[in-house]
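The primary structure of each chain is shown beneath.
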Amino acid sequence: MNSPGASPSSNPLVRWRGQTPLVEILRDPGSRGQGVRVGLIDTRIQWDLLKERHPDACWVGGNSNSSQDERKAPTHGTLMADILLRQAPAIHVESHDVFDGRPTAEPEALVSALSAIRQNGHCRLVNLSLGIPEDRWDTPRCKLARQGLAREVLACYRAGIVVVASAHNAHPVLQSAPADNPPPLVSVAKAIFEDPFYLEYRPGDTAEFRARGLGYWGVTTASPSSSCATAHVSGLVCRLLALEPNLGPFQVKALLGWYAERLQQG
C-alpha cells in the first residue's frame, strides 16, 4: 500500500496505465474485432446491401432478405450495422428485429430480444441504438415492461454481456430507457467528432460517454444521432473483446473510461 506522501509515479497502477499503449492498440488496423459476436437489436438488416459494402463481413441469424423496393433505402438497423462493420470488420453480426414492420418498437419486444440473446449465450455484446422516450412509459403496461427491461439489462450484466445503449435520442436532456439505468450498461450520446475512434467520458452526466454521431451512408451522414454514436462505441468494445475475450462489462466500461482519458491528455 502506498504511503500518504507517495508520488503518483510510485503507484504501480498509474505506472502500468502510463506504459500500456491502449490507444495505439485499439486504433491499430489489425484490431478488427476478430470473432466477436454482436447482437444488434434494431430494425431488420438488409444483408444484401451490406454485402456490397462489406464483402468479408459475417452475418449470423435473423431476418435479412430484402425486396427490390426496400433496397432503395437502407433500414436503421442496416445503417447501424454498417458503422459497426467499419469499426470492427471481423465481427459476427446477429440481427434481432424488434420492429417487425412497425414504425416503433414495443417495450416488450426489447425485453424479449435481450432475454433471447442472454439465454442463447453466443453474443458478448449487445448494440441497442434505440430507446423508448419518457412519454411512452406512462401507462401501467409500459411501466411493467420498463421494470422488466431494467431486470433484463441487469441479468445481461451478470451474464457477462456488454450492453451499449443510446441515451436521450428523443430529448435533449431526458434519457431513453434502458440507458437511463447506466451502471449495468454503457450509455452513449452523440457528439460532433470527426474521428470515429474518439471518445469522451463524462461520469455523472446524463450519458457517460460521447462519441461520433454521424454515420457513413444515407441519412446518417447529415444529422448527428446517439444511434450512430452508440454503434461507434460498440465497435470500440468489439476491438477490446477481440484482444481479451474474458473481459466483463465492468472491466470494459473501466477501460473505455481510461481510453477516453488518454485521448483527452493527447
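## As for the overall build of the protein
Within the protein one finds 8 helices and 8 strands. Scored against the burial criterion, the 266 residues of the protein give a buried share of 50%. Sequence separation of 24 or more characterises 70% of the internal contacts of the protein that already satisfy a separation of 6 or more. Just so you have it, the protein exposes about 12,300 Å², and 54% of that area is on carbon and sulfur atoms.

## Points about the side chain of Arg 212
As for its position among the elements, Arg 212 is in strand S8 (residues 209-212). Buried and unpaired, Arg 212 has no salt bridge, with Glu 194 as the nearest side chain of opposite charge at 4.1 Å. In terms of polar contacts, Arg 212 uses its side chain to reach the backbone carbonyl oxygen of Glu 194, at 2.8 Å. A polar atom in the side chain of Arg 212 sits 3.5 Å from the side chain of Tyr 216. Not counting residues up to four positions away in its chain, the partners in contact with Arg 212 are Ala 191, Phe 193, Glu 194, Asp 195, Pro 196, Tyr 198, Cys 228, Ala 229 and His 232.

## Looking at the sheet that holds strand S2 (residues 58-59)
Ordered by their spatial adjacency, 8 strands build an open sheet running S2-S3-S1-S4-S5-S6-S8-S7, and the pairing between neighbours is mixed. The two strands at the open ends of the sheet, each matched to only one other strand, are S2 and strand S7 (199-201). Sheet topology note: the strand S6 (residues 186-191)/S8 ladder contains 4 bridges and is parallel. Directly across from Ala 189, in S8, lies its bridge partner Arg 210. Across the face of the sheet, helix H4 (residues 76-87) comes into contact with strand S1 (37-42), strand S3 (92-97) and strand S4 (125-128) while running at roughly 150 degrees to S1. Set on the sheet, helix H5 (residues 107-120) makes contact with S1, S3, S4 and strand S5 (162-166); between it and S1 the angle comes to about 170 degrees.

## Quick word on the nonpolar core
Residues Ile 91, Leu 199, Val 233, Val 237, Leu 256 and Tyr 259 are the most contacted members of the largest nonpolar core, which totals 47 residues. With 9 residues, the top contributor of residues to this core is helix H7 (residues 226-243). If we skip the residues at most four places from it in the chain, Leu 199 touches Phe 209, Arg 210, Ala 211, Val 233, Leu 236, Leu 256, Tyr 259, Ala 260, Leu 263 and Gln 264.

## Observations regarding the environment of Asn 246
As for its placement among the helices and strands, Asn 246 is situated in the loop between H7 and helix H8 (249-264). On the basis of relative accessible area, Asn 246 is assigned to the exposed category, the value being 68%. In sequence terms Asn 246 and Gly 160 are 86 residues apart; their C-alpha atoms lie 8.7 Å from each other. The residues contacting Asn 246, other than those within four sequence positions of it, are Arg 124 and Gln 251.

## Re unusual backbone geometry
Although it is not a glycine, Asp 100 adopts a positive phi angle of roughly 50 degrees. Structurally, Asp 100 can be placed in the loop between S3 and H5.

## Considerations on the side chain of Arg 210
Along the polypeptide, Arg 210 turns up in strand S8. Of note is the side chain of Arg 210, whose polar atom sits 2.9 Å from the backbone oxygen of Ala 207.

## Here we look at the pairing of S5
Buried residues dominate S5, accounting for 5 of its 5 residues. Judged by which residues are buried, S5 turns out to be covered on both faces: Val 162, Val 164 and Ser 166 on one side and Val 163 and Ala 165 on the other are all buried. Sheet topology places S4 next to S5; 4 bridges connect them, and they run parallel. Bridging across to S5, Val 126 finds its partner in Val 163. As defined by bridge partners, S5 adjoins S6 across 3 bridges and the pair is classed as parallel. Paired with Ala 165 across the strands is Ser 187, a residue of S6.

## Examining the packing of aromatic side chains
Tallied over the entire structure, the rule returns 3 aromatic pairs. With 6.1 Å between their ring centres and 35 degrees between their planes, Trp 47 and Trp 59 make a pair best called tilted. Residue Trp 47 is located in helix H3 (residues 47-53), and its partner Trp 59 is located in strand S2; the two are separated by 12 residues in the primary sequence. On the numbers, 4.8 Å between centres and 70 degrees between planes, the contact of Phe 193 with Tyr 198 is edge-to-face.

Rules behind the numbers
Residues numbered from 1 in each chain as written. Predicted model: local features only at pLDDT ≥ 70, side-chain atom pairs only at ≥ 80, totals over all residues. Heavy atoms only, no water. Helix = DSSP H or I, 4+ residues; strand = E, 2+ residues; numbered from the N terminus. Buried < 20%, exposed > 50% of the residue type's maximum accessible area, 1.4 Å probe, protein only. Contact = heavy atoms within 4.5 Å. Areas by Shrake-Rupley, 256 points an atom, 1.4 Å probe, with all protein chains shown as cover. Lys, Arg positive; Asp, Glu negative; His and termini not counted. Salt bridge = Lys/Arg side-chain N within 4 Å of Asp/Glu carboxyl O. Polar contact = N/O pair within 3.5 Å; in protein donor to acceptor, adjacent residues only side chain to side chain. Pairing = 2+ DSSP bridges. Axes fitted to C-alpha atoms, helices over the stretch in contact; angles between N-to-C directions. Core = buried A, V, L, I, M, F, W, Y, C linked by side-chain atoms within 4.5 Å. Phe/Tyr/Trp six-rings, centres within 6.5 Å; stacked < 30°, edge-to-face > 60°.

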